[in-house]
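# Structural features, examined
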Amino acid sequence: MPHVKSRREQYSDATRAALLEAATRRFAERGFAGTSLEDVAADIQATRGAVYHHFGSKPALFEAVAEALESRVMREVAQAAEGARDPWSAAVAATEKFLDWCCDPVYSRVVWQEAPLALGWVRWKELEKEYSCGLIEQFIQLLIDAGEMPPLPLEPMTRITFHMLGAAGMAISEVPEQDRFRVRAEYAETIAHLLRGARR
C-alpha cells in the first residue's frame, strides 16, 4: 500500500519546495554571496530555522537549487531527442535544447557563474558530470551503434564532448544577456561542425 503523507509531511514538502523556489530566484538575481538565508526565509514568510531544518546551510541550499535546475534541464534535453527520426537528429535536437537553456538567465547565472564559487570547482565538476555525462554517453553510444560515428573509445569521446558543451555553456553565460543568442548560434555552428567531422 502506498504511503499516504500526513498533513505535517505535506506541509514540510510544500515548505521545502517554496524555499527552493525563493532561493533559486535570489541566487539568480543576487548571486550566492549576495543572498542570505534570512532573505530566502522572509520571501515565503518562514523562519531561518525552517531553512536549516530542510537544508542545513547556505551551500547545501545552493546545491539543492543547482541540482534541481540540472535535473530539469537534462530531462528536457532528453525529451527533445524523443521522436527524432534517427540518432543523429536526436543528438542535434538534444544539443540545441541544451544551448537554449544556456541562454536562460536563471540557469546561466546559477549553474555556470555562481556554482563554481558556491560549491567549489571540484564539487561543481562532479555535479556537472553526475547530471550530463551519462546522457552524453548514451547519445554517443547510439551514434556508434547506428554506424553514424566510428567505434572510437567511449570514455574519451564522452569526456571531450562534455567539455565542449561546457565551454559553450560558460561562454554564453559570460556575455551580456542581449548577446547570448548570437554567441549561442556561433557555438551551435562550431559544435555541429566538430561533430560532423567525427561522423562517418
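Quick look at the structure, then.

What counts, and at which threshold
Residues numbered from 1 in each chain as written. Predicted model: local features only at pLDDT ≥ 70, side-chain atom pairs only at ≥ 80, totals over all residues. Heavy atoms only, no water. Helix = DSSP H or I, 4+ residues; strand = E, 2+ residues; numbered from the N terminus. Expected span 1.5 Å × (residues − 1). Buried < 20%, exposed > 50% of the residue type's maximum accessible area, 1.4 Å probe, protein only. Polar contact = N/O pair within 3.5 Å; in protein donor to acceptor, adjacent residues only side chain to side chain. Axes fitted to C-alpha atoms, helices over the stretch in contact; angles between N-to-C directions. Parallel < 35°, antiparallel > 145°, perpendicular 65-115°, else oblique. Left-handed = near helix turned anticlockwise from the far one by under 90°. Contact = heavy atoms within 4.5 Å. Nonpolar A, V, L, I, M, F, W, Y, C, P; charged D, E, K, R; others polar. Phe/Tyr/Trp six-rings, centres within 6.5 Å; stacked < 30°, edge-to-face > 60°. 1 Å grid on protein atoms, 1.4 Å probe; cavity = no way out; pocket = protein on both sides within 12 Å on 5 of 7 lines; lining within 4 Å. Points joined across faces, edges and corners; volume = space filled by probe spheres on them. Core = buried A, V, L, I, M, F, W, Y, C linked by side-chain atoms within 4.5 Å.

## Quick look at helix 4 (residues 58-81)
- For helix 4, spanning 24 residues, the distance from its first C-alpha to its last is 35 Å, which sits close to the expected 34 Å at 1.5 Å a residue.
- Considered for burial, the residues of helix 4 that qualify are Lys58, Leu61, Phe62, Ala64, Val65, Ala66, Leu69, Glu70, Val73, Met74, Val77 and Ala81.
- Between the side-chain oxygen at the start of helix 4 and the backbone nitrogen of Ala60 there is a gap of 3.2 Å, and the oxygen is on Ser57.
- Directly beyond the C-terminal end of helix 4, a positive phi value near 85 degrees is found at Gly83.

## Let's talk about the packing of helix 7 (residues 121-145) against helix 8 (residues 154-174)
- Contact geometry of helix 7 with helix 8 gives a least axis separation of 8 Å together with a crossing angle of 120 degrees. By the angle between their directions, the pair helix 7 and helix 8 is classed as oblique. Regarding helix 7 and helix 8, the two cross each other, and that crossing is right-handed. Counted together, Trp124, Lys125, Glu128, Lys129, Ser132, Cys133, Ile136, Glu137, Ile140, Gln141 and Ile144 of helix 7 and Leu154, Met157, Thr158, Arg159, Thr161, Phe162, His163, Leu165 and Met170 of helix 8 form the full contact between these two elements.
- Taken together, the residues that form the contact of helix 7 with helix 8 break down as 10 nonpolar, five polar and five charged.

## Quick notes on the packing of aromatic side chains
- Under the defined criterion, the tally for this structure stands at seven aromatic pairs.
- On the basis of an interplanar angle of 70 degrees and a centroid distance of 6.1 Å, the ring pair of Trp101 and Tyr107 is categorised as edge-to-face.
- According to the relative accessible area criterion, Trp101 is buried, its value standing at 11%.
- Pairing Trp121 with Trp124 gives two aromatic rings, centres 5.1 Å apart and planes at 55 degrees, and the pair type is tilted. You can see Trp121 and its partner Trp124 sitting in helix 7, three residues apart, about one turn around the helix.

## Some points on the layout of surface pockets
- The calculated volume of the largest pocket comes to roughly 450 Å³.
- Put simply, the parts of the chain that give the lining of the largest pocket at least two residues each are helix 4, helix 5 (87-102), helix 6 (105-119), helix 7, helix 8 and helix 9 (180-198).
- Take the lining of the largest pocket: its biggest share by element is 10 residues, from helix 7.
- In the lining of the largest pocket, the residues fall into 23 nonpolar, five polar and three charged.

## Some points on the nonpolar core
- Among the nonpolar cores identified, the biggest contains 59 residues, and Phe27, Leu61, Phe62, Phe98, Tyr107, Val110 and Trp112 are the most heavily contacted of them.
- If one sorts the elements of this core by residue count, helix 4 sits on top with 10 residues.
- When neighbours within four sequence positions are excluded, Phe98 is seen to be in contact with Met74, Val77, Tyr107, Trp112 and Leu165.

## Remarks on helix 9
- An ideal rise of 1.5 Å per residue puts 27 Å on 19 residues; helix 9 measures up with 27 Å between its terminal C-alpha atoms.
- As for helix 9, its buried residues are in contact with helix 5, helix 6 and helix 8.

## With respect to the packing of helix 4 against helix 7
- Axis separation between helix 4 and helix 7 bottoms out at 11 Å; the angle between their running directions is 10 degrees. One way to sum up the angle between helix 4 and helix 7 is to call them roughly parallel. In this structure, helix 4 uses Glu63, Ala66, Glu67, Glu70, Ser71, Met74, Val77, Ala78 and Ala81 to contact helix 7, whose residues at the interface are Arg123, Leu127, Glu128, Tyr131, Ser132, Leu135 and Phe139.

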